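Examination of the molecular architecture
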Amino acid sequence: MSKPIRVMGICGTYDLQSANGRILEIILDQCRELGAEVTIWDHGANPLPLVGAQGSWEDENVSQFQTMATDSDAYILSSPEYHGTMSGVMKNSLDWLYSKHTSGKVFGLVSTLGGQSSNNTLNHMRIAARWIHGWVIPEQVAVANIKKAFDENGEINDEAVRNRISALSKSIVENSKKLRR
Ligand SMILES: Cc1cc2nc3c(=O)[nH]c(=O)nc-3n(C[C@H](O)[C@H](O)[C@H](O)COP(=O)(O)O)c2cc1C
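Small disclaimer: the values here were computed from a predicted structure and weren't measured.

1. With respect to the nonpolar core
One finds Val7, Ile27, Cys31, Ile76, Leu77 and Ile172 to be the most contacted residues of the largest nonpolar core, which totals 39 residues. Per-element tally for this core: the top contributor is helix α1 (residues 19-33), with 6 residues. Sequence-distant contacts of isoleucine 27, that is, excluding residues within four places in its chain, are made with Ile76, Ile165, Leu168 and Ser169.

Spelled out as structure tokens, the structure:
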């Protein structure tokens, strides 16, 4: 039997109790049910310095982040939209990744918005993932009006959004298996 694929979640907020942290948890649980091994980078516990800050090139968290990425077959990027684009936390995370870590691997994209739905953050993350030679799956999810998006159990209210999330999880696992070297 072949080794399970490994999926890594990267959150665009420091706090995994955030909306993006919860959405990553939902997706990673679904990937696990589909047979994947899953990991998540915890920016709150292990913050990454800004690229180029003093000491950043030798930072232990950066080294562990890059190792986790190298050991993964696929990535889920989940970012809040800030001023029409991905958060600084997400952009800085991607700036620490190079094609030697991510080339030929699968990316799935999620964005959350305080306001109405938009594809800006998804499109911007798609461009960055392409720059590090990732294969971004066409399934993607923007979760609008984020304060009203969850019920009291932390589940997504809107069935259409739930279906899009399930389709994304399935596509991540299936396409990672196809592309794995
Ligand atoms: C600095 C900042 C900028 C924001 N800009 C936008 C925006 O351009 N469009 C929007 O719909 N929401 C915007 N928001 C709301 C966030 O997208 C929202 O709080 C986030 O998606 C919630 O996710 P989280 O719980 O993971 O932080 C902004 C919030 C902050 C703090």
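2. Focus: helix α5 (residues 120-131)
A rise of 1.5 Å per residue sets the reference length of α5, with its 12 residues, at 16 Å; its end C-alpha atoms lie 17 Å apart and thus fit the reference within 8%. Along α5, the positions that sit buried rather than exposed are Thr121, His124, Met125 and Ala129. Buried residues of α5 fall within an arc of 140° about the axis and therefore sit on the same side. Residues of α5 that are exposed and angled more than 90 degrees away from the buried face: Ile127 and Arg130. Those residues of α5 that are buried are in contact with β3 (74-82), β4 (85-86), β5 (106-112) and β6 (135-143). Positive backbone phi, approximately 60°, marks histidine 133, located one or two places after α5.

3. A look at helix α6 (residues 159-179)
Between its first and last C-alpha, α6 extends 30 Å over 21 residues, near the 30 Å set by a 1.5 Å rise per residue. Where α6 is concerned, the buried positions are Ile165, Leu168, Ser169, Ile172, Val173, Asn175 and Ser176. Its buried side turned inward, α6 meets β1 (6-11), α1, β3, β5 and β6.

4. Quick notes on the environment of glycine 104
Its location among the elements puts glycine 104 in the loop between α4 (99-102) and β5. Classification of glycine 104 by C-beta neighbours within 10 Å gives exposed; the count is 12. Among residues more than four places away in sequence, those in contact with glycine 104 are His133, Trp135, Leu179 and Arg181.

5. Overview of the site of the ligand
The environment of the ligand is formed by 14 residues, the closest being Ser18, Pro80, Leu113, Gly114 and Gly115. Listed by contribution, the elements that provide at least two residues to the shell around the ligand are α1 and β3. Looking at the shell around the ligand, the element that brings in the most residues is β3, giving 3 residues. When the residues that make up the shell around the ligand are grouped by side-chain class, the tally is 5 nonpolar, 8 polar and 1 charged.

6. Observations regarding unusual backbone geometry
Note: most residues except glycine have negative phi, and most peptide bonds are trans. Within the chain, histidine 83 stands out as a residue other than glycine whose phi angle is a positive 50°. Mapped onto the fold, histidine 83 is located in the loop between β3 and β4. Residue histidine 83 is classed as exposed on the basis of its C-beta count, with 7 C-beta atoms lying within 10 Å. Its identity as a non-glycine residue notwithstanding, histidine 133 has a phi of 60°, on the positive side. Mapped onto the secondary structure, histidine 133 falls in the loop between α5 and β6.

Conventions we followed
- Residues numbered from 1 in each chain as written.
- Predicted model: local features only at pLDDT ≥ 70, side-chain atom pairs only at ≥ 80, totals over all residues.
- Core = buried A, V, L, I, M, F, W, Y, C linked by C-beta atoms within 7 Å.
- Buried ≥ 20, exposed ≤ 12 C-beta atoms within 10 Å, placed from the backbone.
- Helix = DSSP H or I, 4+ residues; strand = E, 2+ residues; numbered from the N terminus.
- Contact = placed C-beta atoms within 7 Å.
- Expected span 1.5 Å × (residues − 1).
- Arc of directions from axis to C-beta.
- Near = placed C-beta within 6 Å.
- Nonpolar A, V, L, I, M, F, W, Y, C, P; charged D, E, K, R; others polar.

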